[in-house]
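Overview (structure and organization)
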Amino acid sequence: MTEWRTIIEPFRIHSVEPIRMSTPAERAGWLATAGWNLFGLHADDVIIDLLTDSGTGAMSRDQWAAIQHGDESYAGSPSWFRFQAAVQALFPFRHVIPTHQGRAAEKILFSVIGGPGTVVPSNAHFDTTRANVEATGALALDLAPVLPPDAILPFKGDMDVAALERTIAEVGRDAIPAVFLTVTNNSMGGQPVSLANIRAVRAVCDRHGLPLFLDACRFAENAWFIKLREAGQAHRSIPDIVHEMASLVDGMTMSAKKDGMANIGGWLAMDDDDLAERCRTQLILTEGFPTYGGLAGRDLEAIAQGLAEVVDEDYLRYRIRSTAYLGEALAAMGVPVVQPIGGHAVYLDARALLPHIPPLEYPGQALACALYEEGGIRGCEIGTVMFGRQPDGTELAARMDLVRLAIPRRTYTQSHIDYVIEVVERVAARAASLRGFRITDAPPALRHFTARFEPLGG
Ligand SMILES: *Cc1c(COP(=O)(O)O)cnc(C)c1O
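Thresholds, definitions, all that
- Residues numbered from 1 in each chain as written.
- Predicted model: local features only at pLDDT ≥ 70, side-chain atom pairs only at ≥ 80, totals over all residues.
- Heavy atoms only, no water.
- Domains from an automatic or database assignment.
- Contact = heavy atoms within 4.5 Å.
- Buried area = accessible area lost by both parts, 1.4 Å probe.
- Salt bridge = Lys/Arg side-chain N within 4 Å of Asp/Glu carboxyl O.
- Polar contact = N/O pair within 3.5 Å; in protein donor to acceptor, adjacent residues only side chain to side chain.
- Helix = DSSP H or I, 4+ residues; strand = E, 2+ residues; numbered from the N terminus.
- Expected span 1.5 Å × (residues − 1).
- Buried < 20%, exposed > 50% of the residue type's maximum accessible area, 1.4 Å probe, protein only.
- Arc of directions from axis to C-beta.
- Pairing = 2+ DSSP bridges.
- Axes fitted to C-alpha atoms, helices over the stretch in contact; angles between N-to-C directions.
- Near = heavy atom within 4 Å.
- Areas by Shrake-Rupley, 256 points an atom, 1.4 Å probe, with all protein chains shown as cover.
- Nonpolar A, V, L, I, M, F, W, Y, C, P; charged D, E, K, R; others polar.
- Left-handed = near helix turned anticlockwise from the far one by under 90°.

A few points about the domain arrangement of the protein chain
We note that the domain assignment places domain 1 (24-53 + 313-455) and domain 2 (61-310) within the protein chain. For domain 1 and domain 2, the distance between their C-alpha centres works out to 27 Å. Contact with domain 1, which involves 22 residues of that partner, is made by 30 residues of domain 2. Between domain 1 and domain 2 lies a buried interface of about 2200 Å² when both sides are counted; carbon and sulfur atoms form 57% of it. Of all residues in domain 1, Leu-316, Pro-340 and Arg-409 bury the most surface against domain 2, accounting for 25% of the area lost on that side. Across the contact surface, domain 1 and domain 2 share six salt bridges. The partner of Glu-221 in a salt bridge is Arg-319, with the nearest N and O atoms 2.8 Å apart. Summed over the shared surface of domain 1 and domain 2, the number is 11 residue pairs in polar contact (both at pLDDT 80 or more). Elements with a contribution of two residues or more to the side of domain 1 that touches domain 2: helix H12 (313-332) and strand E9 (345-349). The element that contributes the greatest number of residues to the side of domain 1 that touches domain 2 is H12, accounting for six residues.

Dropping the structure here:
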């Protein structure tokens, strides 16, 4: 096939949402009102919203049509059977348990298998996963090697298999209810996990009789990276690669707000009958009857159709290429970004771009606010604001100070992204003039959502 320089969006626009344009002076006022916390903005005061790729994508014509087929029967809805078949077509687990989003699946699973004294190793737990593990009194361990942000490696999301062996030796297999692999590795920059790594982790789990689960939120993006980058995989179809990923594990948690291509939804799946029984009991307490979980029939339909679309190679080629397009353009103009560019987001290295702002004055927050004021772009600080507060109330620099620009699926065009590139270029040109921030008000936990800030030195 011809390799084109320009990878076009493999869709036409069928329905549009207006973007309200605004001026830097207006945005400066809105920022001040929000206490310089971008989570506090009204979303219609944002021009390009790159806060998250979760539930923010555009659904297709066929998904909206599927919604009209939603059957809202309490038990045994045809929409449930379509959803179950669509999930099992990719992940042939015996039990599929629908939930309102990924964290509900995590909550149910860990409330059944976790508890004080248990340890759940992962390549890297996503923040809700960690919170749900820890809420049961269990310990959440991240076993991805710490690699420099500019190290270009094909599978930077892989688990350190030797570290898993050491962990099992230290805590004992009986303390480990399950091992997790997050694909792609969100906390590490959307980096993929190789089939070779999943197989190696499987082999360790088999030796010790441990169940292995996928946090499969971005399974299709991960499978595309395997096809592109892993030796011997180029000829395989995406569903075929996904089947192999599924065949190597005992179950999965999933947020359909990511590679389900839907605005809400998730599921928990597994083969173990006894575990499924215990999870369904929890499901009925907190989510709903097992044939709808936390979802309406129409949501089940949208997800079923989304799963057929997300494994389309034209879509995945565009998806991964368009994220790389943004990251490569920024890197080419000298803006430090986490390398290689991940599947769903580009991460700006604010600590490297703003060396005059110490971590405890939040360089990520400074950069995120400047991008909003300059061009109405909303990104997300992933650094000392998010991770710096210690359990004893003191503060330490996070490992990195990043700003994540997450790309919603099928939502923005190339010219939107060209505009983002131009805004970052302007902010980078005046990087030396940016100032740090001070927190004026913050809750004791998860402060990044609601903290209020004040700019320093001016
Ligand atoms: C989003 C996400 C979750 C949680 O899913 P929600 O639908 O937001 O509850 C879990 N793991 C990963 C890797 C995610 O990206």
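Here's the deal with helix H3 (residues 78-90)
With 13 residues, H3 extends 19 Å between its outermost C-alpha atoms, agreeing within 8% with the 18 Å of an ideal straight helix rising 1.5 Å per residue. Three or more residues of H3 are buried, namely Ser-79, Trp-80, Phe-83, Gln-84, Ala-86, Val-87 and Leu-90. One face of H3 carries all of its buried residues, which in axial projection span an arc of 160°. Considering only its buried residues, H3 is in contact with strand E2 (95-99), helix H8 (219-229), helix H9 (238-247), strand E8 (266-270) and helix H11 (297-310).

Points about the sheet that holds E9
Pairing is antiparallel across the open sheet formed by three strands, whose spatial order is E9-E12-E11. Edge positions in the open sheet fall to E9 and strand E11 (380-382), since each of these has one partner strand only. On average, each strand axis in the sheet is tilted by 30° relative to the strand beside it, whichever way the strands run. Helix-sheet contacts for H12 involve E9 and strand E12 (402-406), and the interaxial angle to E9 is about 20°. Against the sheet, helix H14 (residues 363-375) makes contact with E9, E11 and E12, and its axis sits at roughly 40° relative to E12, the strand it touches most.

Regarding the site of the ligand
Close to the ligand lie 14 residues, the nearest being Arg-103, Asp-215, Arg-218, Ser-255 and Lys-258. Gln-101 places a side-chain nitrogen or oxygen 3.0 Å from an oxygen atom of the ligand. Residue Arg-218 places a side-chain N or O atom 2.8 Å away from an oxygen atom belonging to the ligand. Coverage of the ligand by the protein chains reaches 98% of its 380 Å² of free accessible surface. When residues of the shell around the ligand are assigned to their parent elements, the largest contribution, three residues, is made by helix H4 (residues 102-113). Taken together, the residues of the shell around the ligand sort by class into two nonpolar, six polar and six charged.

Some details on the packing of H14 against helix H16 (residues 414-429)
Two quantities define a packed helix pair, namely the angle between the helix axes and the distance between the axes. Direction vectors running N to C along H14 and H16 enclose 115°, while the axes themselves pass 9 Å from each other. Seen along the crossing, H14 lies across H16 with a hand that is right-handed. On H16, the residues that touch Leu-367, Ala-370, Leu-371, Glu-374 and Gly-375 of H14 are Tyr-419, Val-423, Val-424, Arg-426 and Val-427. Tallied by class, residues from the contact of H14 with H16 come to seven nonpolar, one polar and two charged.

Things to note about the pattern of salt bridges
The tally for this structure, following the rule as stated, stands at 32 salt bridges. Between Asp-53 and Arg-218 there is a salt bridge whose closest N-O contact spans 2.9 Å. Of this pair, Asp-53 sits in the loop between strand E1 (48-49) and helix H2 (61-68) while Arg-218 sits in the loop between strand E6 (212-215) and H8, placing them 165 residues apart in sequence. The buried category is assigned to Arg-218, whose relative accessible area is 3%. Note that Arg-426 is salt-bridged to Glu-422, the shortest N-O span being 4.0 Å. Separated by four residues within a single helix, Arg-426 and Glu-422 lie in helix H16, roughly one turn from each other. Each of the salt bridges in this network shares a partner with another, and the network as a whole consists of Asp-53, Arg-218, Glu-221, Asp-259, Arg-319 and Arg-409.

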